[in-house]
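Here is how the chains run, residue by residue.
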Amino acid sequence: MASTLADQECEACTSADEPLTEDEYANYLTELDDSVWEVVDEYYLEGTYEFEDFRDALEFTYEIGELAEEEWHHPDIHLTWGKVRVEMWTHKIDGLHKTDFVMAARMDRIHEEYEPN
Ligand SMILES: C[C@H](O)[C@H](O)[C@H]1CNC2=NC(N)=NC(=O)C2=N1
């Protein structure tokens with residue numbers, strides 16, 4: 001079975017890459033938590049995660065920030081009480097790349113640690 005997105009490496013994106021079209025990213029989108037993620041204007045991924053309180057949202061923010069540094073692929077992150085909104089796209093190509101979906105899948109996996117038992 002093909003490995004899931006979250007198990008795949010982030011491909012180095014170059015400015016030569018073309019942004020993914022809706023047909024090209026449709027399958028990747030099915031691997032993301034559909035209660036969290038949507039594609040906006042076929043341009044960027046927007047995800048909203050909910051938490052018990054501010055402290056959990058803050059710790060999640062730090063974890064995904066560390067992920068971004070490790071993968072050198074950075075989201076916009078908006079932190080509020082009990083909620084974190086993430087916007088993910090590839091600046092170099094001004095659109096969506098497979099790497100954006102790998103990152104989103106990794107964030108879903110991190111969020112599993114915060115889901116109430
Ligand atoms: C200057 C730096 O190498 C670039 O901004 C890197 C780092 N993080 C990045 N993050 C995102 N989301 N897209 C990029 O194209 C990107 N490129």
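Check the entry above for the structure.
Values in this document were obtained by computation on a predicted structure and should not be read as measured data.

About the criteria used
- All chains use their own residue numbering, which begins from 1 and follows the written sequence.
- Local features in a predicted model are, by the rule used here, given only for residues with pLDDT of at least 70; side-chain atom pairs are given and counted only at 80 or more, and totals for whole chains, interfaces and linings are based on all residues.
- Only hydrogens and water are removed before side-chain values are computed, so all heavy atoms of the structure are retained for them.
- Secondary structure counts use DSSP, requiring at least four H or I residues in a row for a helix and at least two E residues in a row for a strand, with both numbered from the N terminus.
- We define the nonpolar core as a collection of buried residues of types Ala, Val, Leu, Ile, Met, Phe, Trp, Tyr and Cys that are connected through side-chain atoms lying within 4.5 Å of one another.
- Exposure categories follow from relative accessible area, calculated using a 1.4 Å probe and restricted to protein chains: below 20% of the type maximum is buried, above 50% is exposed, and the middle band is partly exposed.
- In this description, contact between two residues means that some pair of their heavy atoms is separated by no more than 4.5 Å.
- Near, as used in this document, describes a residue that has one of its heavy atoms within 4 Å of the molecule or strand being considered.
- Polar contact is defined as a pair of N or O atoms within 3.5 Å, subject to the rule that within protein one atom must be able to donate a hydrogen and the other to accept it, and that residues adjacent in sequence are counted only when both atoms are side-chain atoms.
- Put simply, Ala, Val, Leu, Ile, Met, Phe, Trp, Tyr, Cys and Pro go in the nonpolar bin, Asp, Glu, Lys and Arg in the charged bin, and everything else, Gly too, in the polar bin.
- Angles here are taken between N-to-C directions and fall from 0 to 180 degrees, while the axes themselves are lines fitted to C-alpha atoms, restricted in helices to the stretch in contact.
- The crossing is said to be left-handed when, going from far helix to near helix, the turn is anticlockwise and less than a right angle, and right-handed when the turn is clockwise.

Asks: Would you mind going over unusual backbone geometry with me for this structure?
Replies: When glycine is set aside, most residues are seen to have a negative phi, and most peptide bonds are trans. A positive phi is found at Asp41, a non-glycine position, where the angle reads about 55°. Its place among the elements puts Asp41 in the loop between strand S1 (37-40) and strand S2 (44-50).

Asks: I would appreciate a short explanation of the nonpolar core in the present structure.
Replies: Among soluble globular proteins, nonpolar side chains are generally buried collectively. The biggest cluster of nonpolar side chains holds 29 residues, and the ones touching the most others in it are Leu32, Trp37, Leu45, Tyr49, Phe60, Phe101 and Met107. Elements with a contribution of two residues or more to this core: S1, S2, helix H2 (54-71), strand S4 (83-88) and helix H3 (98-111). The dominant element in this core, judged by the number of residues it contributes, is H3, at 7 residues. Excluding anything up to four places from it in sequence, Trp37 contacts Leu32, Leu45, Glu46, Gly47, Tyr49, Val86, Ala104, Met107 and Asp108.

Asks: How should the site of the ligand be read in this particular structure?
Replies: Taken together, Trp72, His73, His74, Met88, Trp89, Thr90, His91 and Lys92 form the complete shell of residues around the ligand. Within the side chain of Trp72, a nitrogen or oxygen atom sits 3.0 Å from an oxygen atom of the ligand. Residue Lys92 places a main-chain N or O atom 3.0 Å away from an oxygen atom belonging to the ligand. Taken together, the residues that form the shell around the ligand break down as 3 nonpolar, 4 polar and 1 charged.

Asks: Is there a simple way to think about the packing of H2 against H3 in this case?
Replies: The axes of two packed helices give the description: the angle between them and the distance between them. Where H2 contacts H3, the axes come no closer than 10 Å and their chain directions differ by 145°. Crossing of H2 over H3 shows right-handed handedness. Taking contact as the criterion, the partners of Phe60, Glu63, Ile64, Leu67, Ala68 and Glu71 in H2 are, on H3, Met103, Arg106, Met107, Ile110 and His111. Residues of the contact of H2 with H3, tallied by class, amount to 7 nonpolar, 1 polar and 3 charged.

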